[in-house]
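As a plain string of letters, each chain reads:
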Amino acid sequence: MSDKKKKKEIKQQLLTTFPIPYEFIDIEDNISISTSKNNQPNKEKIVRQALKFHSEGNIENAISYYKYCFKHGFNDPRVYSNYGIILKNKGKLKEAEKSQRKAIELKPDFTNAHYNLGNILRDLGQLKEAESSLRKALEINPNLPNAYSNLGNILKDLGKLKEAESCHRQAIKLKPDFAEAYSNLGVILRDFGKSKEAESCHRQAIELKPDFAEAYSNLGNVLKDIDNLEEAALSQRKAIDLKPNFAEAYSNLGTILISLGNLKEAEICQRKAISLKQDFAEAHINLSHILLKQKFFKEGWEEYEWRWKATDQKIEKKLETQKPEWDYQKKGKILLWREQGLGDEILFLSLINELENNVEKLLIKTDKRLIPLFKRSFDKDIEFIGKEKFIDETKYDYQLPMGSLGKYLRKTLKSFENAKEFNLTANKERSYNFRTKIINSNYKKYIGISWKSSGGFRGSSLQLEELILGIDSPGICFINLQYGEVKKEIINLKSIHGVEIKEIDELDIYNDIDGLASLITACDEVVSIDNITATLSGSLGVKTKVILPINSYWPHSIEDKKSYWFPKMNFYRQVKRNDWRQPLNEIKEAIKNSI
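The rules behind each value
Residues numbered from 1 in each chain as written. Predicted model: local features only at pLDDT ≥ 70, side-chain atom pairs only at ≥ 80, totals over all residues. Heavy atoms only, no water. Buried < 20%, exposed > 50% of the residue type's maximum accessible area, 1.4 Å probe, protein only. Helix = DSSP H or I, 4+ residues; strand = E, 2+ residues; numbered from the N terminus. Pairing = 2+ DSSP bridges. Axes fitted to C-alpha atoms, helices over the stretch in contact; angles between N-to-C directions. Salt bridge = Lys/Arg side-chain N within 4 Å of Asp/Glu carboxyl O. Contact = heavy atoms within 4.5 Å. Phe/Tyr/Trp six-rings, centres within 6.5 Å; stacked < 30°, edge-to-face > 60°. Lys NZ or Arg CZ within 6 Å of the ring centre and 35° of its normal. Expected span 1.5 Å × (residues − 1). Arc of directions from axis to C-beta.

Peer 1: Could you clarify how one ought to interpret the pairing of strand E8 (residues 525-529) in this entry?
Peer 2: Looking along a regular strand, one sees the side chains alternate between the two faces of the sheet. Within E8, 5 of the 5 residues are buried, which leaves the element mostly enclosed by the surrounding structure. Neither face of E8 is open: one carries Glu 525, Val 527 and Ile 529, the other Val 526 and Ser 528, and all of them are buried. In this structure, E8 lies alongside strand E9 (residues 543-548), joined through 5 bridges in parallel fashion. Bridging from a neighbouring strand, Glu 525 pairs with Lys 543 of E9.

Peer 1: Looking at this model, I keep getting lost on the sheet that holds strand E2 (residues 361-366). Mind explaining?
Peer 2: Paired through their backbone hydrogen bonds, the strands of a sheet run either parallel or antiparallel. Spatially, 4 strands are ordered E3-E2-E1-E4 in an open sheet, and the strand pairing comes out parallel. The open sheet terminates on both sides in strands that have one partner only, identified here as strand E3 (383-386) and strand E4 (398-401). Shown here is a sheet whose adjacent strand axes are inclined to one another by a mean of 20°, direction ignored. In this sheet, E3 lies alongside E2 in parallel orientation, the contact comprising 4 bridges. In the strand pairing of E3, Thr 366 is matched with Gly 386.

Peer 1: What's the story with the environment of Lys 309 in this structure? I'm lost.
Peer 2: Along the polypeptide, Lys 309 turns up in the loop between helix H17 (297-304) and strand E1 (333-337). Of the residues examined, Lys 309 reaches a relative accessible area of 62% and is grouped as exposed. Between the C-alpha atoms of Lys 309 and Ser 563, which are 254 residues apart in sequence, the distance is 29 Å.

Peer 1: Got a minute to help me understand the pattern of salt bridges in this structure?
Peer 2: Pairing between side chains of opposite charge can happen when the charged atoms of each approach one another. If you walk through the whole model with that rule in mind, you get 53 salt bridges. The salt bridge involving Asp 225 is made with Arg 190; its shortest N-O contact spans 2.4 Å. Residue Asp 225 is located in helix H12 (residues 213-225), and its partner Arg 190 is located in helix H10 (residues 179-191); the two are separated by 35 residues in the primary sequence. For Arg 307, the salt bridge goes to Glu 305, with nearest N and O atoms at 3.2 Å.

Peer 1: Is there a simple way to explain the sheet that holds E9 in this structure?
Peer 2: As summarised here, the arrangement of the 6 strands in space is E7-E6-E5-E8-E9-E10, forming an open sheet in which the pairing is parallel. Whereas interior strands pair on both sides, the edge strands pair on one side only; in this sheet they are strand E7 (501-502) and strand E10 (569-573). Of the strands in this sheet, strand E5 (445-450), strand E6 (476-480), E8, E9 and E10 are in contact with helix H28 (residues 581-594), which crosses E9 at around 165°.

Peer 1: Got a minute to help me understand the packing of aromatic side chains in this structure?
Peer 2: The geometry of an aromatic ring pair is captured by the separation of the ring centres together with the interplanar angle, meaning the angle of the planes. A full pass over the atoms with the stated rule returns 27 aromatic pairs. Centroid distance Tyr 66 to Tyr 83: 6.2 Å. Interplanar angle 70°. Geometry classified as edge-to-face. You can see Tyr 66 sitting in helix H3 (residues 59-71) and its partner Tyr 83 sitting in helix H4 (residues 77-89), a full 17 residues away along the chain. Within the aromatic cluster, the residues linked to one another by ring pairs are Phe 297, Trp 301, Tyr 304, Phe 348, Phe 416, Tyr 553, Trp 554, Tyr 564 and Trp 565. Above the ring of Phe 192, the side-chain terminus of Lys 162 is found at 5.3 Å from the ring centroid.

Peer 1: Help me understand the environment of Ile 258 in this model?
Peer 2: Counting through the fold element by element, Ile 258 comes out in helix H14 (residues 247-259). Classification of Ile 258 by relative accessible area gives buried; the value is 3%. Residues Ile 258 and Asn 578, spaced 320 residues apart in sequence, show a C-alpha to C-alpha distance of 15 Å.

Peer 1: Can you walk me through H14 in this structure?
Peer 2: Along an α-helix, residues three or four positions apart point the same way, because every turn accommodates 3.6 residues. The end-to-end C-alpha distance of H14, which contains 13 residues, comes to 19 Å, matching closely the 18 Å that a straight helix rising 1.5 Å per residue would cover. With 13 of 13 residues buried, H14 is to be regarded as a mostly interior element. Just downstream of H14, Gly 261 is the residue with a positive phi angle, here 85°.

Peer 1: Please clarify how helix H11 (residues 195-208) should be interpreted in this entry.
Peer 2: Here H11 contains 14 residues, and its C-alpha end-to-end distance of 20 Å stays within 8% of the 20 Å for a straight helix at 1.5 Å per residue. Listed in full, the buried residues belonging to H11 are Ser 195, Ala 198, Glu 199, Cys 201, His 202, Ala 205 and Ile 206. Taken around the axis of H11, the buried residues stretch over an arc of 160°, which confines them to a single face. Facing away from the buried side of H11 by over 90 degrees, the exposed positions are Lys 196 and Glu 207. Contact partners of the buried residues in H11: H10 and H12.

See below:
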């Protein structure tokens, strides 16, 4: 599976940053409207009364007074700025922007108007302009904690995390009891991986503001990161108690319940989040993973289409094309294009023989590292193109992202069972050469191993030492299939425990996927955590033992011991979170029995 993709699957933690309320000019005096001797209302008193109505929450009267001011030509920047706030709250963002700009035109150094304009521009998605407006407000008045905090939120949206952190810290310095700024800072620190500091910030926010639902939800997210799942769930539930219509907290609670093994309540939570916020893409995609995991394929694939609207799915940019999406009723020339990582490409491309039977011509845009393997494995008429290359639209009639294949070709479990088995084909000559290098009369079995994922589920990776000590038996030769910097681990294992891991030094496991496929087929079987190595091994038809955490990726279902995607892939699951002893012992016994 795609390592980056899996990190986000079910794990969608919806961080909330808190824009500080818009600034308006309020008047505390008890003003009554009088008239001059000429029976003409006093301009300043009318303006002040309008502002007073607004500050008291009497919006309808405030609107009437503001409109009176406009009608009679009162070019007062306070009126335009406050009226802009009302327009913003009514969802009329463009009109609100225009009103704030008018206020600035009348008074270029009007701090409130620059501040309000920045917040409106953020809501409009014009982040650069929003940043400029808030910086201008702070240039005029550098002692505005609200402006610093909202500028920090905008900088976070722009990916400027260090500057964002500085802004929130400055907001707290100016206003030490600023609960929202503490929670916003906690969000930034979590992005930096500083979980303990983030936790402290959210707890401080709650201490300052005990009814702060968003801070409880963000605290729950951090507690999930440090594997304090029970308290994380309690924190999300507290957020919901404080704010019963808090869609994000329901979705966050759902992701925590998945990790706790409570799939049914997790589904209820995601559905509740969607009922509260129908266009909540993250909740829809979380629900899709839950449904697919339970093999409810039809609804699961429908919900999976929300991945394009979810903000943190880490999928490729959607193909820019004028050509329509393919469906099962259409023939013609089809472009199937990559959207996720290597593991997901291999997973979904296991379906393309069936797709090819339903189209006239198939073009596949994929990672160039996979092309040699795919060309050898699939029909020669299929054209493979590197993902970075441009394809003229005249070459195809329809297009389809790979992840959408399932909704046409795998609507039921029966469709998996009835499918003709297909395996990728490794380079046999390279595989033979690798086998020659690793073979030794002292060994009875050759097992490829992989124990790390650069971006999988939290808790899905193992230490090499834990893996080997858990499955080692006499007569086994272990072969390294792990990408990344692992040389030190391998040396330490041999030094401490006397277990040697065979390596093919000339093979670049990360970049030479075709070579990795050949090395996998040179092994008798593979033992791996859930990563690209496991998926590749299963797709090659090699006996593959996959070690799974309690919260595993959706294609591995819930309790199945065998994969319905790859017949030679077997699952060995944790029964207790963070405890690998049972699955490793089961693998050890299975290997011993096969020697």
